[in-house]
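Letter by letter, the chains look like this.
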Amino acid sequence: MRSRAPAPQTPAPHPKRTPAAPTSHPHPLMDEPHRSPTSWPDARAIAARAAVKEAAHAAPVMRPLSEALGQVLAAPLAALTDLPPFDTSAMDGWALAGPGPWRLPTDEKDQDHGILAGHGEAAALPDGHAVRIATGARVPPGATAVLRSEYGTDAGDGWLHASAAHPVVLGQDIRTRGQECRSGDQLLPAGTLVTPAVLGLAAAAGYDELPTVRRPRVEVLVLGDELLTEGLPHDGRIRDALGPMVGPWLRALGAEVTGTRRLADEADAVCAAVAESSADVVVTTGGTAAGPVDHVHPTLRRLGAELLVDGVAVRPGHPMLLARLAPENRENRENRENRENRENRENRENRENRENRENPENPENPEKSETPGPQSRPARHLVGLPGNPLAAVSGLLTLAEPLLRTLTGRPAPAPGPAPLAEAVQGHPRDTRLVPVTFRQDAAVPLRFNGPAMLRGIAVADGLAVIPPGGAKRGTEVEVLDLPWSAIATEQLSYADQSRHTGRAGYRTDKAAGHGDGEDISPQEGPA
């Protein structure tokens, strides 16, 4: 099944944005000159190449096969042995030597069982003789073919005869040594996602463990005094939808999410949380615009960060941003190292306690951690997501996905356009990302597509990329796969894919919706 997610385009060189110097103004961002937002294709391309250097210098993590599922190969997988490693029988039947009829063994043991799988090399088979053999068993020297049980007749007179309807052909039903590969052959390239089938191939090829790409550590900071973590909305406060959503979304993109922290709208608290984070990537939600309690931009200036993307010409989600954090000063480094040591100690204790419960006879299991020490820590990045839920999803797919794809070593998906089942109104200047579901390979726009809405994306198969000005019915547009639909495309069985396709045909409503206050044009709301 084809992937419908577009590969990032290579943009023209983008001017480097140097952070403004801190001022004493209570909210410096408000006095800064307006910057033109980065185009949506350029923003994705910038995010994809932002961490190329860090990814290239990351040391691989060796994982036992039992722990490698869902990881990414850090190096090509080369066969450590011939496959099969020796000539084997493809069927239950008789190993034959030369033309028939064939003399059967007189030994009672050979008559009952013959050659079984898992046994060493059998004695050479003389010309004109046959011996029972099981599927997967090693073919004896001198054998020229295997005759299936249903095609041979043993009349009890000590001779084997082949059915006239199934004459024996030289080499039939013998899997010859190296038929699948020879030792040293490259089986899979670096960047391959480790699926159950990859685990089976690796085991067959002689591997006990695999070199995998270290998963980037990501911390999520949810900003907003108005957010509730439980219960119903009340007194002007609303439920936090991003806290439960963003972490699992990032895990689906291959990240190791170290935690989700909720912060008050206080400048010092936000700055301290970003400065002291031990993560490779910090993802913030909310606070990226220019309101009185939007503290992300001031925090980046205080920390000397470099803004790589500061606003994107996309709806929803235009206030999103991407920054490279400056090297740590001594105080922040000491705070971060103390926190890392504390986290590692707690993780080690928790793991040892869990392993002791699972393996009481072997309490001293070595810890397997992929967290590097302070000296090997790569440069950090910050992805600032808008606070509206669908706008945050737009930021995840625009900036976080390309950044994490580079850090996890996954290849860029190939473009996969799909025709629109109906016309979609566009923004006059910006790209639109519209939730869609698939029906007979056509992208059906979903109604609930406002920046604060999740009802549409919850049943969507992807986000259609609508160019400025909109797109007519039948126009082919790029569709960004959601992480779970991409995984399904790559890993599910045929039956599961059929169910996935059936789900893709489902939609709740085609009626036009409307935007909900992200400063959009009247034409942006309806799908």
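Residues numbered from 1 in each chain as written. Predicted model: local features only at pLDDT ≥ 70, side-chain atom pairs only at ≥ 80, totals over all residues. Heavy atoms only, no water.

Visitor: Before we go on, may I ask you to explain the packing of helix α1 (residues 40-49) against helix α9 (residues 389-408) in this structure?
Guide: Helix packing geometry: the angle between the two helix axes and the distance between the axes. Across the interface, α1 lies against α9 with an axial gap of 7 Å and an inter-helix angle of 30°. Between α1 and α9, the interaxial angle falls into the category roughly parallel. In this structure, α1 crosses over α9, and the sense of that crossing is right-handed. Residues W40, A43, R44, A47 and A48 of α1 form the contact with α9, whose own contacting residues are L397, T398, L399, E401, P402, L403, R405 and T406. (Axes fitted to C-alpha atoms, helices over the stretch in contact; angles between N-to-C directions. Helix = DSSP H or I, 4+ residues; strand = E, 2+ residues; numbered from the N terminus. Parallel < 35°, antiparallel > 145°, perpendicular 65-115°, else oblique. Left-handed = near helix turned anticlockwise from the far one by under 90°. Contact = heavy atoms within 4.5 Å.)

Visitor: Help me out: how do you make sense of the pattern of salt bridges in this one?
Guide: Note that side chains of opposite charge can pair when their charged atoms are close. Counted under the stated rule, the structure contains 12 salt bridges. Here R138 ties to E121 by a salt bridge, and the two come within 3.8 Å at their closest N and O atoms. Of the two residues, R138 sits in the loop between β7 (130-133) and β8 (145-148) while E121 sits in the loop between α3 (108-112) and β7, which places them 17 residues apart along the sequence. Connected through salt bridges with shared partners, the residues R44, E401 and R405 form a single ionic network. (Salt bridge = Lys/Arg side-chain N within 4 Å of Asp/Glu carboxyl O.)

Visitor: Just to check I follow, could you spell out the packing of aromatic side chains for this structure?
Guide: Any two aromatic rings considered together are summarised by their centre-to-centre distance and by the angle between their planes. Enumeration according to the criterion identifies 1 aromatic pair in this entry. Centre to centre, the rings of W249 and W484 are 4.8 Å apart; their planes meet at 70°, and the pair counts as edge-to-face. Here the residue W249 occupies a position in helix α5 (residues 242-252), and W484 occupies one in helix α10 (residues 483-491), the gap between them amounting to 235 residues. Look at W484 and you get partly exposed, because its relative accessible area is 41%. (Phe/Tyr/Trp six-rings, centres within 6.5 Å; stacked < 30°, edge-to-face > 60°. Buried < 20%, exposed > 50% of the residue type's maximum accessible area, 1.4 Å probe, protein only.)

Visitor: Whenever I open this one, the environment of P415 confuses me. Can you help?
Guide: Here P415 lies in the loop between α9 and β23 (417-419). Between the C-alpha atoms of P415 and L480, which are 65 residues apart in sequence, the distance is 9.2 Å.

Visitor: Help me out: how do you make sense of the sheet that holds strand β10 (residues 159-162) in this one?
Guide: Sheet strands pair by backbone hydrogen bonding; their relative direction is either parallel or antiparallel. The 3 strands are arranged β6-β10-β9 in an open sheet whose pairing can be described as antiparallel. Every interior strand has two partners, whereas the edge strands, β6 (102-103) and β9 (152-154), have only one. The pairing of β6 with β10 spans 2 bridges and is antiparallel. Its bridge partner being in β10, W102 is matched across the sheet by L160. (Pairing = 2+ DSSP bridges.)

Visitor: Please clarify how the packing of α5 against α9 should be interpreted in this entry.
Guide: Contact pair α5 / α9: the axes reach a minimum separation of 11 Å and the direction vectors enclose 20°. Overall, the two elements α5 and α9 adopt an arrangement that is roughly parallel. Where α5 crosses over α9, the handedness of that crossing is right-handed. Every residue of α9 that contacts α5 at L242, M245, V246, W249 and L250 is listed here: P389, A392, V393, L396, L397, A400 and L404. Counted by class, the contact of α5 with α9 contains 12 nonpolar, no polar and no charged residues. (Nonpolar A, V, L, I, M, F, W, Y, C, P; charged D, E, K, R; others polar.)

Visitor: What should I look at first to understand the pairing of strand β22 (residues 381-385) in this one?
Guide: Where a strand is regular, its side chains alternate between the two sheet faces. For β22, a buried count of 5 out of 5 residues is recorded, marking the element as mostly surrounded by other parts of the structure. Here β22 shows two buried faces, one formed by H381, V383 and L385 and the other by L382 and G384.

Visitor: Is there a simple way to explain the side chain of T408 in this structure?
Guide: Counting through the fold element by element, T408 comes out in helix α9. Overall, T408 belongs to the buried group, its relative accessible area being 3%. In terms of polar contacts, T408 uses its side chain to reach the backbone carbonyl oxygen of R405, at 3.3 Å. Setting aside residues up to four positions removed in sequence, T408 forms contacts with V72, V213, P216, L253 and G254. (Polar contact = N/O pair within 3.5 Å; in protein donor to acceptor, adjacent residues only side chain to side chain.)

Visitor: Quick question: what am I supposed to make of the sheet that holds strand β14 (residues 217-223) here?
Guide: Spatially, 6 strands are ordered β17-β14-β18-β22-β21-β19 in an open sheet, and the strand pairing comes out mixed. Only two strands of the sheet have a single neighbouring strand rather than two, namely β17 (256-263) and β19 (306-310). Sheet twist, expressed as the average angle between the axes of neighbouring strands with direction ignored, equals 20°. Both β14 and strand β18 (residues 281-285) contribute to a ladder of 5 bridges, which runs parallel. The partner of V218 across the bridge, within β18, is V281. Where α5 meets the sheet, its contacts fall on β14, β17, β18 and β22, and the angle it forms with β17 comes to roughly 160°. This element, α9, spans β14, β18, β19, β21 (321-324) and β22 of the sheet and lies at about 160° to β22.

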